[in-house]
Amino acid sequence: FVQSLLASYAPRSVARMASALRHFHKFLYQDRLLPGNPAADLAAPRQTAQLPKTVTQDNITILLDTAAADDSPAGKRLYFMLELLYATGLRVSELCSLPLNAWRPETGSLAVMGKGRRERLTPLTPHAIAAAEQYLPVRLRFSPGGRDSAYLFPARAAQGHITRQQVGQLLKKLAAKAGLPLSLVSPHVLRHAFATHL
């Protein structure tokens with residue numbers, strides 16, 4: 001049965017179908033509508049591991065150059081965020097909620113609170129440090145009423161800092177401006193690019 005489906009469908013789709021059949025027959029058996037579960041031993045096809053999407057170093061250079069060319073406060077913020085994502089491999093949720101005191105200029109590093117509430121010290125590249133020095137003087141322009149904020153990337157959002165969705169939208173706009181396919185650029189893709197290019 002599974003082999004006949006593989007002629008028409010991708011292995012991932014066939015695996016979903018096999019799972020649905022197993023669960024449906026299990027339900028019928030548990031409700032005593034069937035004397036046994038004929039699909040209990042139905043095996044799913046073996047899945048091939050897929051490599052995560054990433055971008056080339058040339059595409060990263062185009063993105064960084066496009067972001068750096070915008071000298072507005074919003075441009076400086078986006079360039080710094082892009083440098084941090086690519087230079088450190090931060091998760092986008094970690095980037096958004098970075099407190100201001102995470103920035104350690106004396107050591108040129110960033111203190112990041114990761115999963116499991118574990119803190120790690122992440123060294124920054126000279127480009128990321130230069131981007132920070134350009135962004136920090138205009139940082140409070142993004143804070144409601146220009147008030148002081150505990151966050152490195154303050155915003156008018158309910159959380160008090162920029163959101164994951166906003167970062168994703170900013171990167172998509174940057175990709176369009178740089179002439180790159182929108183599907184190539186996202187915070188998670190930049191995290192993979194960091195690991196791959198390293």
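Use the structure listed above.
An account of the accompanying structure is given in this report. Values in this document were obtained by computation on a predicted structure and should not be read as measured data.

**Some remarks on the overall build of the protein**
What the protein contains, in helices and strands, is eight helices and three strands. Starting at the N terminus and ending at the C terminus, the protein contains elements arranged as α-α-α-α-α-β-β-β-α-α-α. Along the three orthogonal principal directions, the C-alpha set of the protein runs to about 70 × 35 × 30 Å. By residue count, 38% of the 198 residues in the protein fall in the buried class. A total of about 11,800 Å² of accessible surface is found on the protein, and carbon and sulfur atoms cover 56% of it.

**Examining the pairing of strand β3 (residues 119-123)**
Side chains on a regular strand alternate between the two faces of the sheet. Alignment of strand β2 (residues 109-113) against β3, held across five bridges, turns out to be antiparallel. In the strand pairing of β3, Ser109 is matched with Pro123. Where β2 hands over to β3, the hairpin turn is made up of five residues, of which Gly116 adopts a positive phi near 75 degrees.

**Comments concerning the packing of aromatic side chains**
Enumeration according to the criterion identifies four aromatic pairs in this entry. Look at Phe80 and Phe153: their rings are 5.6 Å apart centre to centre, the planes differ by 45 degrees, and that puts the pair in the tilted class. Residue Phe80 is found in helix α4 (residues 73-88), and its partner Phe153 is found in the loop between α6 (126-135) and α7 (164-178); the two are separated by 73 residues along the sequence. Classification of Phe80 by relative accessible area gives buried; the value is 0%. Cluster of aromatic residues (ring-pair linked, three or more members): Phe80, Tyr135, Phe142 and Phe153. Residue placement shows Arg77 over the ring face of Phe142; its charged tip is 4.1 Å from the ring centre.

**Quick notes on the nonpolar core**
By size, the foremost hydrophobic cluster in this structure holds 44 residues, and its most contacted members are Leu84, Leu95, Leu98, Leu110, Phe153 and Val167. Within the residue set of this core, elements represented by two or more residues are α3 (57-68), α4, α5 (92-96), β2, α6, α7 and α8 (187-197). A total of nine residues in this core trace back to one element, the largest contributor, which is α4. Once residues lying within four places of it in the same chain are set aside, the contact partners of Val167 are Met81, Leu85, Val92, Leu95, Cys96, Ile162 and Pro187.

**Structural notes on α3**
Compared with an ideal rise of 1.5 Å per residue, which puts twelve residues at 16 Å, α3 spans 16 Å between its outermost C-alpha atoms and is within 8% of the ideal. Those residues of α3 lying buried are Asn59, Ile60, Leu63, Leu64, Thr66 and Ala67. Buried residues in α3, looked at end-on, bunch into an arc of 160 degrees, giving them a common side. Buried-residue contacts for α3 involve α4, α7 and α8.

**Focus: a nonpolar patch on the surface**
A cluster of nonpolar side chains, Phe24, Phe27 and Leu33, forms an exposed patch at the surface whose accessible area comes to about 330 Å². Relative to the assigned elements, Phe24 resides in helix α2 (residues 11-30). Phe24 gets classed as partly exposed once you look at its relative accessible area, which sits at 46%.

**Some thoughts on the pattern of salt bridges**
Once their charged atoms are close, side chains differing in charge can pair, the charge on each being opposite to the other. Tallying each qualifying case throughout the model produces three salt bridges. Among the salt bridges present, the one from Arg91 reaches Glu94, with a minimum N-O distance of 2.7 Å. Using a relative accessible area of 25% as the deciding quantity, one classes Arg91 as partly exposed. A residue is classified by how much of its surface remains accessible, and Glu94, at 7% relative accessible area, is buried. A salt bridge links Glu94 to Arg120, with the shortest nitrogen-to-oxygen separation between them at 3.0 Å. In this pair, Glu94 is assigned in helix α5 and Arg120 in strand β3, connecting sequence segments 26 residues apart. Among the residues examined, Arg120 registers a relative accessible area of 31% and is labelled partly exposed. Each of Arg91, Glu94 and Arg120 takes part in salt bridges that share partners, so that together they form one network.

Quick notes on the rules
- Residues numbered from 1 in each chain as written.
- Predicted model: local features only at pLDDT ≥ 70, side-chain atom pairs only at ≥ 80, totals over all residues.
- Heavy atoms only, no water.
- Helix = DSSP H or I, 4+ residues; strand = E, 2+ residues; numbered from the N terminus.
- Buried < 20%, exposed > 50% of the residue type's maximum accessible area, 1.4 Å probe, protein only.
- Areas by Shrake-Rupley, 256 points an atom, 1.4 Å probe, with all protein chains shown as cover.
- Pairing = 2+ DSSP bridges.
- Phe/Tyr/Trp six-rings, centres within 6.5 Å; stacked < 30°, edge-to-face > 60°.
- Lys NZ or Arg CZ within 6 Å of the ring centre and 35° of its normal.
- Core = buried A, V, L, I, M, F, W, Y, C linked by side-chain atoms within 4.5 Å.
- Contact = heavy atoms within 4.5 Å.
- Expected span 1.5 Å × (residues − 1).
- Arc of directions from axis to C-beta.
- Patch = residues over 30% accessible without salt bridge, like charges linked within 9 Å, V, L, I, M, F, W, Y side chains within 5 Å.
- Salt bridge = Lys/Arg side-chain N within 4 Å of Asp/Glu carboxyl O.

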